[in-house]
Amino acid sequence: MTWGLLGQALSATNCPAPPVQATPAQAQAWSQQAPDRGLLYRISRDGRESYVFGSLHIGRPEWAYPGPKLRAALERVDLLALELDLSDAATLQVLSQPPAHAPQLKLGPALRKRLDAQARGACLPPEALAGQHPLMELSTYTVLAARWDGLDPSFGQELLLSLWARQHGLPIIGLEDAASQQQALIPSEAKLALLSLDKGLAQLEQGRVRPIMKRLAQAWEQGDLATMQNYARWCDCVEDAQDRADFIRLNDARNPGLAAAIAARHAQGQSVLAAVGALHLSGPQSLLKQLSQRGFVVEQLHPAPKRSAL
């Protein structure tokens, strides 16, 4: 999907208002006064420091500017590491094709009708995501639902950090390859993929997605560690054994690979700022625990850790 097509679609009266562009005065004020948001950690090993930033894939215009601790980290590192480098042509080529590991998912008329209804609800024509796997279509509609609450994917932290890096000449790398990420997002078995599609559509149809994303965004903005770390308990989206297996595949199971990629770059003598979805920093198999097991000393920078009372 192109954001240009999305912008054209948002002119319709029943669509969420497009994000308001900051005036020069607003941009200057937001840049100078931006607080730190999200989760920021310093990781140290071999006499060098790198950083891990828990990001969010949606945001508000005023979140476009890094706070002082994040800015300081960006100015100290040699490169920015994202889950995927979407400026890489080979990555985009893989993402534009059907996943090689999974068969084509054939939808019956009822499922296709439900998916097309979500396209209309997202103010997109049904053909806007033609060629994408239905679960990737669903993922897009899920993210776009947050626009009704002023949370837009065009202000996701990965996009904003990429822009900052390009403006300041900071190299960008991907911690994962597109094919392996597709394997995490899309089950190889058609039966499981159809089950995930049905459940995801039901959540959108029942209005359960927006409250989840709004609460998660609020927790991220406030650096509310407890809420983010307990996401699977309150999200009303992990209801049975299959849901738990899906969540592990999407989140926990990717953490060892992310940690290995960060450690490899750090071992090459490069200081890295790794920005990954904040939920990767939660749970018993969190990315931070994976890094600690690889010999890194992990220090919480934001939110500032609370001091124990004497």
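Look up: the structure comes first, before these words.
Residues numbered from 1 in each chain as written. Predicted model: local features only at pLDDT ≥ 70, side-chain atom pairs only at ≥ 80, totals over all residues. Heavy atoms only, no water.

Visitor: Whenever I open this one, the pairing of strand 5 (residues 272–277) confuses me. Can you help?
Guide: Within a regular beta strand, the side chains point alternately toward one face of the sheet and then the other, so they alternate between its two faces. Most of strand 5 is tucked away, with six of its six residues classed as buried. Pairing geometry for strand 2 (residues 48–55) and strand 5, over five bridges, is parallel. What sits directly across from Ser55, in strand 5, is Gly277. Of the strand pairs in this sheet, strand 3 (residues 79–82) and strand 5 are connected by four bridges, and their pairing is parallel. When the bridges of strand 5 are listed, Leu80 appears paired with Leu273. (Buried < 20%, exposed > 50% of the residue type's maximum accessible area, 1.4 Å probe, protein only. Helix = DSSP H or I, 4+ residues; strand = E, 2+ residues; numbered from the N terminus. Pairing = 2+ DSSP bridges.)

Visitor: I tried to follow the nonpolar core on my own but got confused; where do I start?
Guide: Across soluble globular proteins, you tend to see nonpolar side chains buried next to one another. Leu273 and Leu287 are the most contacted members of the largest nonpolar core, which has 77 residues in total. A per-element tally of this core places helix 10 (residues 209–222) first, with seven residues. In this structure Leu273 touches Tyr51, Phe53, Leu70, Ala73, Leu74, Val77, Leu79, Leu80 and Ala81, once residues within four positions along its chain are discounted. (Core = buried A, V, L, I, M, F, W, Y, C linked by side-chain atoms within 4.5 Å. Contact = heavy atoms within 4.5 Å.)

Visitor: Please explain the packing of aromatic side chains as it appears in this structure.
Guide: Two numbers describe a pair of aromatic rings. These are the distance of the centres and the angle of the planes. Applying the stated rule across the entire model yields five aromatic pairs. Between Phe53 and Trp220, the aromatic rings sit 6.4 Å apart at their centres with planes inclined by 75°, giving edge-to-face as the arrangement. Pair noted here: Phe53 is in strand 2 and Trp220 is in helix 10, with a separation of 167 residues, a long-range link. Taken individually, Phe53 and Trp220 each receive the classification buried, so the pair is uniform in this respect. A cation over a ring is seen here: Arg215 above Trp234, with NZ or CZ 4.3 Å from the ring centre. (Phe/Tyr/Trp six-rings, centres within 6.5 Å; stacked < 30°, edge-to-face > 60°. Lys NZ or Arg CZ within 6 Å of the ring centre and 35° of its normal.)

Visitor: Help me understand the state of the cysteines, please; the structure alone is not making it clear to me.
Guide: One covalent bond between the sulfur atoms of two cysteine residues makes up a disulfide. Following the criterion strictly, the structure yields two disulfides and no others. With a sulfur-sulfur separation of 2.0 Å, Cys235 is cross-linked through a disulfide to Cys237. Looking down the S-S bond of the Cys235 and Cys237 bridge, the torsion is -90°, so its handedness is left-handed. Neither residue differs from the other here; Cys235 and Cys237 are each classed as buried. Going through the protein chain in sequence order and numbering each bonded cysteine, the pairs you get are 1-2, 3-4. (Disulfide = S-S within 2.5 Å.)

Visitor: I'm lost on the side chain of Ser55 in this one. Help?
Guide: Here Ser55 shows up in strand 2. For Ser55, a relative accessible area of 2% gives the class buried. Among the polar contacts listed, one links the side chain of Ser55 to the side chain of Glu158, at a separation of 2.6 Å. Excluding residues within four positions of it along the chain, Ser55 makes contact with Gln157, Glu158, Trp220, Ala275, Val276, Gly277 and Ala278. (Polar contact = N/O pair within 3.5 Å; in protein donor to acceptor, adjacent residues only side chain to side chain.)

Visitor: Explanation requested: the pattern of salt bridges in the structure shown.
Guide: Proximity of charged atoms lets side chains of opposite charge pair with each other. A complete count under the given rule lists 15 salt bridges for this structure. In this structure, Lys199 and Asp243 form a salt bridge, with 2.9 Å as the shortest nitrogen-oxygen distance. Note that Lys199 is positioned in helix 9 (residues 190–205) and Asp243 in helix 13 (residues 241–250), a separation of 44 residues in sequence. In this structure Asp243 comes out as buried when scored by relative accessible area, which is 8%. Between Asp246 and Arg249 there is a salt bridge, with its nearest N and O atoms 2.9 Å apart. Of this pair, Asp246 and Arg249 are both found in helix 13, three residues apart, which corresponds to roughly one turn of the helix. On the accessibility criterion, Asp246 (10% relative accessible area) is buried. (Salt bridge = Lys/Arg side-chain N within 4 Å of Asp/Glu carboxyl O.)

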